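An overview of the molecular structure
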Amino acid sequence: MKKVFRFSHFALSTTTMSTDLKSRFLQVYDTLKSELINDPAFEFDEDSRQWVEKMLDYNVPGGKLNRGLSVIDSYQLLKGAELTDDEVFLASALGWCIEWLQAYFLVLDDIMDESHTRRGQPCWFRLPKVGMIAANDGIILRNHIPRILKKHFRGKPYYVDLLDLFNEVEFQTASGQMIDLITTLVGEKDLSKYSLSIHRRIVQYKTAYYSFYLPVACALLMSGEDLDKHEEVKNVLVEMGTYFQVQDDYLDCFGAPEVIGKIGTDIEDFKCSWLVVKALELSNEEQKKFLHENYGKKDPSSVAKVKELYHTLNLQGVFEEYENASYKKLITSIEGHPSKAVQAVLKSFLGKIYKRQK
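Here's a quick rundown of the structure. None of these values were measured; they are calculated from a predicted model.

Right, let's talk about the packing of aromatic side chains for a bit. Under the definition given, this model contains 21 aromatic pairs. Judged by centre distance (5.3 Å) and plane angle (45 degrees), the ring pair of Trp 274 and Tyr 322 falls under tilted. In this pair, Trp 274 sits in helix α10 (residues 274–282) while Tyr 322 sits in helix α13 (residues 315–335), placing the two residues 48 residues apart along the sequence. Its relative accessible area of 4% is what places Trp 274 among the buried residues. Counting every residue linked through ring pairs, the aromatic cluster contains Tyr 243, Tyr 250, Phe 254, Trp 274, Phe 319 and Tyr 322.

Laid out in structure tokens, this is it:
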């Protein structure tokens, strides 16, 4: 099934993170993995232990780790001082819970999407000895999260809030995946289903909550904050996540492949991209008919025709206007927040994605 958003495209730069912190973060992965493959709740034998270890190493630490590292980054900014070793460990453990959640989504997403590669290697379910065992592996990945939380956070006053947070964000993400899948049903190529509001709903639920809100919400809970009092922070981060995905859609078509590291295929794959939604909005009847005839076709000439129409409609200029307006709106919202520490967290996120090229 073809879908709007590839989960892997959250590409925040980690230049603000010291290499020392990243190596400490990776050490925490080894600790958590060791605890999980020796979990006393299950009687592991050598085969099952080796399977889980291989499955974790293949699917969890291979990405850019930006979501996970953002928890430490955000917590440090909220605390306004150097973190103790214990605080770094706990923030890292929460960061890894987000990376585990991401791995769970990716493993199942790749099966649904019938994908072939992920992060430059074959998808887990494509490995000869794995196949549909990957579906159960996804369930195991998801179940590792409460095991980690129970072991390291059970005595914390915010333990129940953490469980609630992860459960709610997972529900939102799965529901976003559902509206994406039913909007882009294979064999029912109907561009008239695509609109800015549908695009926004899919992006908000499928991407923004777990990629942008969740890392900051974890840091806020560690800081003793009540999430109900930070609705505005959630709104700003969801808005940021939406802006990020619009950038992603734009770069898929107009980004240089050697810079973004892939050749975009949104047009061929009939993706509900921001570009096609804007094109439908700006087109006259003849141009709409032209889009309906060429969008979602695999042949290069149809793709070239769609790109030509994008140029005719000046979607590059339209995107530039959108980017500038989004940035101004986000900065205004951020600077309206009473806490300078929270402002610093939000500005740190925005600074990493504004005018990015990949």
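Turning our eyes to something else, we now look at the nonpolar core. Counting residues in each nonpolar core, the largest one holds 82 residues, and the members touching the most others are Trp 100 and Met 240. At 15 residues, helix α4 (residues 85–113) tops the list of elements feeding residues into this core. Counting 26 residues, the second-largest nonpolar core is a separate cluster that includes Leu 191, Val 246, Leu 309 and Leu 313.

Turning to the packing of helix α2 (residues 46–59) against helix α5 (residues 133–153), a few remarks are in order. The contact between α2 and α5 brings their axes to 11 Å, and the two run at 80 degrees. Compared by their axis directions, α2 and α5 come out roughly perpendicular. Contacts between α2 and α5 pair Trp 51, Val 52, Met 55 and Leu 56 from the former with Ile 133, Asp 137, Ile 140, Leu 141 and His 144 from the latter. Its residues assigned to classes, the contact of α2 with α5 shows 7 nonpolar, 1 polar and 1 charged.

A side chain of one charge can pair with a side chain of the opposite charge if their charged atoms are brought near each other. As enumerated under the stated definition, the model contains 20 salt bridges in all. Where Glu 285 meets Lys 288, a salt bridge forms, and the shortest distance between an N and an O atom there is 3.8 Å. Separated by 3 residues within a single helix, Glu 285 and Lys 288 lie in helix α11 (residues 285–294), roughly one turn from each other. On the basis of relative accessible area, Glu 285 is assigned to the exposed category, the value being 61%. We classify Lys 288 as partly exposed; its relative accessible area is 26%. A salt bridge links Lys 347 to Glu 335; the nearest nitrogen and oxygen atoms lie 3.0 Å apart. Of this pair, Lys 347 sits in helix α14 (residues 340–353) while Glu 335 sits in helix α13, placing them 12 residues apart in sequence. Here the residues in one salt-bridge network are Lys 33, Glu 53 and Asp 57, joined through shared partners.

What counts and what doesn't
- Numbering of residues starts from 1 in every chain and runs along the sequence as written.
- Per-residue local features are limited, in this predicted model, to residues with pLDDT of at least 70; the limit for side-chain atom pairs, both in listing and counting, is 80 or more; totals at the level of whole chains, interfaces and linings are taken over all residues.
- Processing note: side-chain calculations cover all non-hydrogen atoms of the structure and skip hydrogens and water entirely.
- Note on aromatic contacts: the rings of Phe and Tyr and the six-membered ring of Trp form a pair at centre separations within 6.5 Å, being stacked when their planes are under 30 degrees apart, edge-to-face when over 60 apart, and tilted otherwise.
- To qualify as a helix, a DSSP run of H or I must reach at least 4 residues; to qualify as a strand, a run of E must reach at least 2; elements of each kind are numbered from the N terminus.
- Working definition: with a 1.4 Å probe on protein chains only, accessible area under 20% of the residue-type maximum means buried, over 50% means exposed, and in between means partly exposed.
- The nonpolar core is taken to be a set of buried Ala, Val, Leu, Ile, Met, Phe, Trp, Tyr and Cys residues, with the residues joined through side-chain atoms within 4.5 Å.
- Every angle, taken between N-to-C directions, lies between 0 and 180 degrees, and every axis is a line fitted to C-alpha atoms, over only the stretch in contact when it is a helix.
- In what follows, roughly perpendicular refers to angles from 65 to 115 degrees, roughly parallel to angles under 35, roughly antiparallel to angles over 145, and oblique to any angle outside these ranges.
- Any two residues having at least one pair of non-hydrogen atoms within 4.5 Å are treated as being in contact.
- Amino acids are sorted into nonpolar (Ala, Val, Leu, Ile, Met, Phe, Trp, Tyr, Cys and Pro), charged (Asp, Glu, Lys and Arg) and polar (every other residue, Gly among them).
- We count a salt bridge whenever a side-chain nitrogen from Lys or Arg sits within 4 Å of a carboxyl oxygen from Asp or Glu.

These values are about where atoms sit, not about what they do.
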